[in-house]
Structures are given as C-alpha cells and as structure tokens.
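Residue-level listing of the chains:
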Amino acid sequence: MSVRRADTLGGRAAVVGIGATEFSKDSGRSELTLAAEAVRAALDDAGLAPSDVDGLVTFTMDTSPEIAVAQATGIGELSFFSRVHYGGGAACATVQQAALAVATGIAEVVVCYRAFNERSGRRFGSGVQHREPSAEGTALGWNLPPGLLTPASWVAMAARRYLHTYGLTPEAFGHVAVTGRRYAATNPAAYFHGRPITLADHAASRPIVEPLRLLDCCQETDGGQALVVTTAERARDLRRPPALITAAAQGAGRAQEQMTSYYRDEFYPSDLAGLPEMGVVARQLWRTSGYGPADIDVAVLYDHFTPFVLMQLEEFGFCAPGEAAAFVADGALPLNTHGGQLGEAYLHGMNGIAEAVRQVRGSAVNQVPDVAHALVTAGTGVPTSGLILGRDGG
Amino acid sequence: MSGGDGARGAAVSGDDALYARLKAFEGRPAATGGRGKDPVNAAMIRHWCEAMGDTHPAYRGPDAVAPPTMLQAWTMGGLSGHTDRSPAYDELSALLDGAGCTAVVATDCEQEYLRPLRPGDEITFDAVIESVSPRKTTKLGSGYFVTTRMDVRVDGELAGAHRFRILKYVPGKGSSGPGGPAPEADPAPRKGTPEPVAAPRDAPARPRPVINRDNAGFWAGVAEHRLLIQRCTGCGRLRMPWLPGCARCGAPEWDTVEAGGGGTVHSYVVMHHPPFPAFDPPYAVALIALEEGVRLVAGVTGVPPDAVRVGMPVRLEFQQVRDGKGAWELPVFRAEPGAARAPREEG
Ligand SMILES: [Zn+2]
C-alpha cells in the first residue's frame, strides 16, 4: 500500500467466514475462551477446518497470543502471524495483513480475531492515571497531570473544537446515536435490541465529558469476533458468497498522536475538527478501488464516540466539512446497519467488518438492497485502517 | 511521624549531641502576636472558591462561612511581607545551618478546625516549635524534621490549628533519576510560591508528570516556574510537546525559548464522569494556544468550569500540587480578568 500510488492487492483476497460469541456485559469465561469460540465459529461459517489455517492476526492489545488460540482450536503449524498496533485502529488492518499474506502465498487461510472482557474485566473507559516513561507513555503523559484521563475526554477536546469551528451545538452528535440505536433495535444480536432512542433522549442524557453525553459514548462489551481470509480463487469454492477485499489501507497522519492529536494545525487546516489519518485511508481506498462516495451502498464507520463518525463522513467526502450531522439526519447513506458499537457491541471494530461482510453477502438482519460495495473503517483518533468489500463480479 | 515521600525509609541515627540541643527548642515560640491583615471577608472567600473550583453553597450568601482549608490564608503576609519569625526559630535555623543542614523542603501540613470562621472575624495567631525529630536519613539527604504549630484564634478563642513540617537537611545526598529531577524533590522553595494547601498523607494520588530523557528539560523548567518551548535550530520551528527531532525538517538539534505566559483557550472539556479520587468534578481541562503559537493541555483556573470558553484569554501561572506522596509544580492558566464576561462564544 502506498500513499502515492494505487496498489495491486485489490480483489486478490476475500473474507469467507465470520463468527462471533454472544455480546454481553459479563461473559463468565476467559478472553482466550472467547477468542477460541469466535475462531471456531468463523471457520464453521466458512466451511473450513482448523487444519486449513496457517495464519493468525490480531491486535497488539489482545491478550490471547496466536499460539494459544492455535492450540485451543486445533490449528496446526503457522507460517504467518502478525499483530497490529493502536487499539481499535487495528481492526481493518488485520484483514489487510491477512490479504497481503494470502495474496503473496505466505499463507493460505488466515484468521483475524479480537476477544476481550472489556466490560467485566479491564474497562477502557475507566481511564488512565499512570504511564511508564516510554515514548508512548510520555506522549499520553502530557495529558494526565491536569486530569485529562479518559478516552471520552480525549475525544471531547476535538469535539468541542468541531462544534466551535462549524457553529454547531452538541445536539449535532445526536443523529449518529439515534441512527445506531434505530438499527440495533431490529438486530437480535445487538445489546440494545428493541431499545431505540430519540434525539430528545440523547439531549437529556447526562454529561460524561462535556460536550459529550452518555449517549455519545459507545457501550462496553465482553465478546469475541473472528474473520477468515483466503485467496479470491479459493473463496469461490467455499460455502458462502465471498466478500472480496476490493481495497485495504492503513493511515497515520503527520504529527500523529494516539487520541490526542492536538498539535498539527501546521500540517492540516482542519486541525482538531478533522481526522487526517482517516483522510490518508480514504485517499488510498478511493484510488485503489477507482470508486468514490457515490459507489458505496452501505458504510460501517467506527463509532466509539459520535463526533468522530461525523468527521469520517467528511474525510471520505460523503459531504462537505461541517455538514455531516445534516447528512446523517437525511439518511441517504445506510450507516452502521448492525447498530454500530453504540447499539450492537463494542468489539473494537471487528463486528463492523462482519456486518460489512453480511451486507455484501445479502444476509444482514437490516439488509440494504443490492449491495455491491461496502465501506468499513477502524478506530478513530488513532492511526487507523479501512476496507472496501465488494460482491464477486460486483 | 512521617516526612512524606522524601522520608520514605528514613532511618534514625545513633546518639546525637546536636539533637539534644535542637530538642530544647520544643515548646518555644516560632512566631508571636500575629494578626490577620484583613478580617475574614467574602471577597477572599470568593476568590479562593473560584481558584479551587469549590462551589459548595455554605461558602456563599448571607450566612456564608469560610472554607476551613483557608485557615492559613488568613494568616498570610501577602506581597507586603510576612510576620517576622521569633528569635527562637531563627536560632534553631542557624543551629541547623551550622550543622550543614542548609537545605529545606516542606514535607507536609495538617490542619484542625475547632469552629468555623465567618466574614467579619478578626484573627490572631501564634506559632510554636512543636517538635524536632531525631536525625533521619532520607532519599534527599540526612537531617531533622521540624514541626511548627500555628494556633489561630478569634476573640481569644481557638478556631483552628495549622501544623507545618519541614526537613532541614545536608544537601547533595539526594538522588535524581536519569530522567531528570524527581518532581517531589524540591529542596529550595522559591519566594512567592504559595504555601501548599493541606494534603493529608492519605490524600488520593494524583497523576504524576510522565518524565523521560526527552522531556526532562520541560519539567525542570516547570519546577523553576519557567515554561520552556523547544525550538528547532534547523528551521526555527517551535514545538510542543517535546520530542527529540523536528516534525517539519527532521533536524535533531534544538534549544528552548521561555513562554511569555499569554495564551487563549483553543478548546476545552468539562470532566464529569467517571470520578477520580484526586479530582473534584466538574472541572475544566483546556488545550491552550500559547501566544508563541504552540499548544499545551492544562487546567484553567479563576473561573468556574462552565464559564470557560473557546477563545478566552488566559495567563500562565504555576500551581503546587500535593498528594499523600509528594508535591510538584504544574503549569495552569488563569482566565484574564473580565474574560468570563466576554460574549458567549458557542462551542
Ligand atoms: Zn526544524
């Protein structure tokens, strides 16, 4: 993948299996058990056996090593294993890693997985009060002494500036929350199944870190999700219609930080009101696929906090800067049709990839008619990644 | 007795002739006949509450009382000078200086409150040398803890007591890690530094600055009440946060310039949830745009959190932060007078 030229990966690999545990607040079992269950379910979905797998990819944050997952699921020798950094920004990049491996013959069948007890175990939302003085710890460390301690607070700083830049009020974020919960209400797998919300509910929800309210913040989840990737050729012989990996990209911006990119106005006029790292991803996806916003039938955009969904729509060019709230309210683009992380589950973006696969297969619970191309993105505010998945022959 | 962080692992030395002489000062006056410069008053209470972000209703209105933690504030000499210390206290200090214990660090203070102070109360105060410890060896060096107790009275009736403990020690034995000065090891309190607010030894831990070799210079500057900005000597670009190279030109060489102290609020948040024991929500944290063109995340003081606005002019100050384990300086930004009444800017 290149920031300057179209790459040659597009169309050479496909997602052929998806599998997940239930999404809960207390799984009652270990993270490794969740990972193994998700991997087995994804292989079953693909019609493949553990013995077919020779590659595993996960997040650096995952606590279940590839070798432990392999042992627990009966996967044999591995020729490829890789991990991607930067929290939820890793999600789509795990699929990119798998696609690179199968396209080059480094591996034949690669499973990507992510599993955690994020609600009943270590909760990211509980914040950070201490960091070791590594380069990474020191970078985040600038924010801690004055009490900027939580993911919500790091996002809220950008959200405030977004509202200021475009003369909006915090109600602008409500459309994203309402949309996610509307789709979740009709998705039996969603934690918030049967529980839609209104703009008034959003406006009345309690402040978490102003300008963010409770309903701007995604839930916390225990669970696991896995995805099986193999070559496009092999995909055509398997049980399910393949979701071709039409384009895959990672992106980091200049003066990039993790969640606190507050110092890059010199490089990006959008400053805190934009997500330049997602702009890097967007440019690559459009260039490699040859598509643009009008070619996308459904979008699954990472939604741990509502404001960053608006900024993503603007970075991808679905609408002009500052107009995303109105764009979402208008509803022309089917968005986060599983309910998103706000409504279905917070699986670090991996459940969103599964939803994009279902939409391309035509098997989603909130199916959009005739999906040829689905866009899916990974964690925002951090170095990130994205995918365009396409129907075979679409 | 504990001397705070600097005294962890303190060891009592053997027989000590000096100690016997120091011990004789116990019970002698440290200051006498002190009188508050101003009566307890609503204006100082309001300023205190705004600076602390304390919105408790008991400190407002016609039946207001002063926040108990203001006890020492009513005794302070202000910019025009402090009440002279007693000859006994000066003699004790000289004796310690003569023994090589020339460095001093404030370790902790405690307060007791017997009755509330109300606007109009005229206070008087006396201080006594309450105790001198045996010689102790601490991380900073070897020396003696001296505890003074100041009794604050209204119409002769005891209203509260303020205990203040210092370590007078032989300098140069302390250790600074390779990452720079330990923030709590500050052997030379500067003139004009406000006395720390009482922090009991079990006060919840506050997040420490994260200091390594790449940013130690910044925190050393803060300890001296200077906010230092890195400057690339290749292209002249100013940079914050500190890094060992320039994001524009890639040059590794740099020097520093000191911030003038002016700035504006570029963005801000108000923290509500989850609660952290060392912080008292709601509180504001801002991204400050310094007049030099670089930015810094810092607290905003002088206005309630709901009065902070994007674009609000602010000025740099330094605040001593204490918890149960130590004390260190932090840059904070005070809203410029009148800023809170500027036309509301949405966002
Ligand atoms: Zn430079």
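What counts, and at which threshold
- Residues numbered from 1 in each chain as written.
- Chains lettered and ligands numbered in written order.
- Predicted model: local features only at pLDDT ≥ 70, side-chain atom pairs only at ≥ 80, totals over all residues.
- Heavy atoms only, no water.
- Salt bridge = Lys/Arg side-chain N within 4 Å of Asp/Glu carboxyl O.
- Helix = DSSP H or I, 4+ residues; strand = E, 2+ residues; numbered from the N terminus.
- Buried < 20%, exposed > 50% of the residue type's maximum accessible area, 1.4 Å probe, protein only.
- 1 Å grid on protein atoms, 1.4 Å probe; cavity = no way out; pocket = protein on both sides within 12 Å on 5 of 7 lines; lining within 4 Å.
- Points joined across faces, edges and corners; volume = space filled by probe spheres on them.
- Nonpolar A, V, L, I, M, F, W, Y, C, P; charged D, E, K, R; others polar.
- Polar contact = N/O pair within 3.5 Å; in protein donor to acceptor, adjacent residues only side chain to side chain.

Trainee: With reference to specific residues and values, describe the pattern of salt bridges.
Mentor: Two side chains bearing opposite charge may form a pair once their charged atoms approach each other closely. Residue and element names in this part refer to chain A. Across all of its chains, the model carries 30 salt bridges over all chains by this definition. The salt bridge partner of Asp45 is Arg361, with a shortest N-O separation of 2.8 Å. Of the two residues, Asp45 sits in helix H1 (residues 31–46) while Arg361 sits in helix H13 (residues 350–361), which places them 316 residues apart along the sequence. Asp45 sits in the buried class, given a relative accessible area of 11%. Classification of Arg361 as buried rests on a relative accessible area of 15%. Counted as one network, the salt bridges with shared partners bring together Glu22, Arg29 and Glu37.

Trainee: Describe empty space enclosed by the protein, naming the residues involved and giving the relevant values.
Mentor: All names here are of chain A. With the rule as written, the count across this model stands at 5 cavities of 30 Å³ or more. Approximately 110 Å³ is the volume attributed to the largest cavity. Lining the largest cavity are 15 residues, and of these Ala158, Ser261, Arg264, Leu275 and Phe308 lie nearest its centre. Within the lining of the largest cavity, the residues separate by chemical class into 8 nonpolar, 4 polar and 3 charged.

Trainee: Residues and numbers for the side chain of Ser289 of chain A, please.
Mentor: Residues and elements named next belong to chain A. In this structure, Ser289 sits in helix H9 (residues 276–289). On the basis of relative accessible area, Ser289 is assigned to the buried category, the value being 14%. For Ser289, the side chain forms a polar contact with the main-chain oxygen of Leu285, separated by 2.7 Å. A polar atom in the side chain of Ser289 sits 3.4 Å from the backbone oxygen of Trp286.

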